[in-house]
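Okay, here's what each chain looks like letter by letter:
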Amino acid sequence: MAVDTQPYQEPGADEVAEHDLPALAAAVREEVAVRGVGFRSADGEAEFHIDPVPRVIGAEEWSALERGLGQRVRALNAFVADVYGEQRIFADGAVPSRLLEAANFEPGMRGVTPPGGVWVGIAGLDLVRDPGGRFLVLEDNAMTPSGMAYAAAARNAVGAHVEGSPVPLDGLGRLLAGTLENARAGSGLAVLLTDGPRNAAHWEHAWLARTLGVALVTPSSLRPEGDELTLHGERVAVVYRRTNADRLDTSVGELLAPAIRAGTVGVINGFGTGVADDKLAHAYVETMVEYYLAEQPLLPSVPTLDLGVPEILEQALDTLEDLVVKPRNGHGGHGVVICDQVGPHELDALRRRLRAAPGEHIAQPRVALSTHSTVVDGRLEERHVDLRPFVFLHSPIDPHVLPGGLTRVALEAGALVVNSTRNGGAKDTWVLEASGGRP
């Protein structure tokens, strides 16, 4: 297949044109340091890089994107509910039953109906622009999406030094609180459950707990009492789970499972939502939209090749140099092979792995991620970016989208993995007010 490798170049750096760039970058770094923003990277150092050049999205484009995001997450929530309910979509043959082989499938959640009917209370979808400038969904994150507090941090750090009037992000607390309220199982406390400081995103956990006005707790603080969960003797009605332990067979799962099954606690996001993060499920999300919502998909996916289909596997092997291969249950960019960036020996080894176990990987055409002006060593250079917007379900049919979300930027020239754990940074994302032009 022919692949257009010329990236779409996002509108430039008008917002910082009059600034001394080295001084601006230093001021933003200082703002980040003063606010204590941190993310524990692979080398163990707490750090978070925010570029001073904001990304700007027009009101009309954002409005269309917002509708597509809400539709997609409604369908993903319906899919997860069906997986642990009647499994109609498989019985009707709309999607292959191989989706039930996802590593994150939780048989122990069959028959559970969460309070409020929401499994995917918060979703963070990874979007990229194709060379024509069209937004596409690269991945769906429904188990433990992160980054919303970093979006607010980017706005605070950049907004203190760059003039503009984007749609504000001060509704984040309200959006998150609405999700937790819907998931509440009766009266009781709301808590944010964290692993503690060892978690890479612990800064975000603490920030969100303060914003919500709820207790930030570790698993050791919670106690099961019969079919209920308590904190210092008080009943807990809803848990916002941000632990890395996201399976039922972990200590956190064992702690929460009795109350979940008894319906005495709501958990956002629910155990088992990882079936929606499965890279193979991504190939069928547009089918899910049509099946569950009886609507035409508004937001397209990056095409995903189901290598478990023999003819699709052969097509992929014949065009491997044009593809990106991902482990079906991978995350954080680990195990991803950008095939035109490896040598013939590595490609031959990859072909053998795919033939031996085609169901363990998916493939996607390489999308030339768009670029955006970024301050590098005191001057503007183009770097690849993606966008992670956040969707909050206040009921199965009531989605809300945070304006803009988090733009992630690869700081190395030519790098295509835009992830904070892989030498990535962030940009403030401005959505313009509907009545105005550029700020």
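Scroll up to find the structure this text is about.
Quick notes on the rules
Residues numbered from 1 in each chain as written. Predicted model: local features only at pLDDT ≥ 70, side-chain atom pairs only at ≥ 80, totals over all residues. Heavy atoms only, no water. Helix = DSSP H or I, 4+ residues; strand = E, 2+ residues; numbered from the N terminus. Rg over C-alpha atoms; globule rule 2.2 N^0.38 Å. Buried < 20%, exposed > 50% of the residue type's maximum accessible area, 1.4 Å probe, protein only. Contact = heavy atoms within 4.5 Å. Areas by Shrake-Rupley, 256 points an atom, 1.4 Å probe, with all protein chains shown as cover. Lys, Arg positive; Asp, Glu negative; His and termini not counted. Charge placed at Lys NZ, Arg CZ, Asp CG, Glu CD. Phe/Tyr/Trp six-rings, centres within 6.5 Å; stacked < 30°, edge-to-face > 60°. Lys NZ or Arg CZ within 6 Å of the ring centre and 35° of its normal. Salt bridge = Lys/Arg side-chain N within 4 Å of Asp/Glu carboxyl O. Pairing = 2+ DSSP bridges. Axes fitted to C-alpha atoms, helices over the stretch in contact; angles between N-to-C directions. Right-handed = clockwise from strand over helix to strand, strands pointing away. Core = buried A, V, L, I, M, F, W, Y, C linked by side-chain atoms within 4.5 Å.

Draft legend 1. Quick peek at the overall build of the protein chain. Helices and strands together make up the secondary structure of the protein chain, namely ten helices and 20 strands. Its C-alpha atoms give the protein chain a radius of gyration of 22 Å, within 12% of the compact-globule value 22 Å for 439 residues. When burial is assessed residue by residue, the protein chain has 56% of its 439 residues classed as buried. Taking as baseline every contact in the protein chain between residues at least 6 positions apart, the subset at least 24 positions apart corresponds to 74%. A total of about 17,500 Å² of accessible surface is found on the protein chain, and carbon and sulfur atoms cover 49% of it. The positive charge centre, built from 38 side chains, and the negative charge centre, built from 59, are 3 Å apart in the protein chain.

Draft legend 2. Layout of the packing of aromatic side chains. Within the structure shown, the criterion is met by seven aromatic pairs. Ring plane angle 90° and centroid distance 4.9 Å describe the contact between Tyr291 and Tyr292, whose orientation is recorded as edge-to-face. Among the residues examined, Tyr291 registers a relative accessible area of 23% and is labelled partly exposed. A cation over a ring is seen here: Arg241 above Phe271, with NZ or CZ 5.5 Å from the ring centre.

Draft legend 3. Spotlight on the pattern of salt bridges. Using the criterion set out here, one finds 26 salt bridges in the structure. A salt bridge links Arg388 to Asp126, with the nearest nitrogen and oxygen atoms 2.7 Å apart. You can see Arg388 sitting in strand 16 (residues 379-388) and its partner Asp126 sitting in strand 3 (residues 126-129), a full 262 residues away along the chain. Under the relative-accessibility criterion, Arg388 is labelled buried at 9%. A salt bridge links Arg408 to Asp386, with the shortest nitrogen-to-oxygen separation between them at 2.8 Å.

Draft legend 4. Just the sheet that holds strand 11 (residues 305-306), in detail. Spatially, 11-14-12-13 is the arrangement adopted by the four strands of the open sheet, whose pairing is antiparallel. The two strands at the open ends of the sheet, each matched to only one other strand, are strand 11 and strand 13 (337-338). Strand direction decides the pairing type here: strand 12 (residues 323-327) and strand 14 (residues 361-365), joined by five bridges, are antiparallel. Paired with Pro327 across the strands is His361, a residue of strand 14.

Draft legend 5. Looking closely at the sheet that holds strand 17 (residues 390-393). Spatially, three strands are ordered 2-17-18 in an open sheet, and the strand pairing comes out antiparallel. The open sheet terminates on both sides in strands that have one partner only, identified here as strand 2 (122-124) and strand 18 (399-401). Each strand of the sheet is rotated relative to its neighbour by a mean of 25°, with strand direction disregarded. Note that strand 17 and strand 18 share three bridges and pair antiparallel. Each bridged residue has a counterpart across the sheet, and for Val391 the counterpart in strand 18 is Val401. Each of strand 2, strand 17 and strand 18 touches helix 5 (residues 172-183); the most contacted strand, strand 17, lies at about 40° to it.

Draft legend 6. The arrangement of the pairing of strand 9 (residues 234-241) in detail. For strand 9, the buried fraction is high: six of the eight residues fall into the buried class. Both strand 5 (residues 189-193) and strand 9 contribute to a ladder of five bridges, which runs parallel. From the neighbouring strand, Leu192 faces strand 9, where its bridge partner is Tyr240. Judged from the two bridges that link them, strand 8 (residues 228-231) and strand 9 form a sheet pairing that is antiparallel. Looking at the pairing, Thr230 lines up with Arg235 of strand 9. Linkage of strand 8 to strand 9, two consecutive antiparallel strands, is achieved through a turn of two residues, within which His232 is found at a positive phi near 50°. Relative to strand 10 (residues 266-268), strand 9 runs parallel, the two sharing three bridges. Following the sheet pairing, Val238 is matched in strand 10 by Gly266. Viewed along the sheet, the connection from strand 9 through helix 7 (residues 251-262) into strand 10 turns out right-handed.

Draft legend 7. Main features of unusual backbone geometry. That bond from Ile268 to Asn269 is cis: its omega, -10°, falls within 30 degrees of zero. For Ala294, which is not glycine, the phi torsion reads 55° and is therefore positive. According to the relative accessible area criterion, Ala294 is exposed, its value standing at 69%. Positioned with a positive phi, Asp377 is a non-glycine residue whose angle comes to about 55°. Structurally, Asp377 is set in the loop between strand 15 (371-376) and strand 16.

Draft legend 8. Examining the side chain of His361 more closely. Secondary-structure assignment places His361 in strand 14. Given the relative accessible area of 15%, His361 is considered buried. For His361, the contacting residues outside a window of four places in its chain are Leu307, Val325, Lys326, Pro327, Arg328 and Leu354.

Draft legend 9. Spatial organisation of the nonpolar core. With 64 residues, the main nonpolar core has Leu69, Phe79, Leu99, Leu127, Leu222, Leu256 and Met288 as its most contacted residues. For this core, the element with the highest residue contribution is helix 2 (residues 59-83), accounting for nine residues. Setting aside residues no more than four positions away along its own chain, Met288 makes contact with Ala75, Leu76, Phe79, Ile89, Leu99, Ala281 and Leu293. Among the nonpolar cores identified, the runner-up in size contains 49 residues, and Ala157, Ala190, Val375 and Ala426 belong to it.

Draft legend 10. Representation of the environment of Asp348 within the structure. Residue position: Asp348 is located in helix 10 (residues 344-356). Sequence separation of Asp348 and Thr218 is 130 residues, and the distance between their C-alpha atoms is 46 Å.

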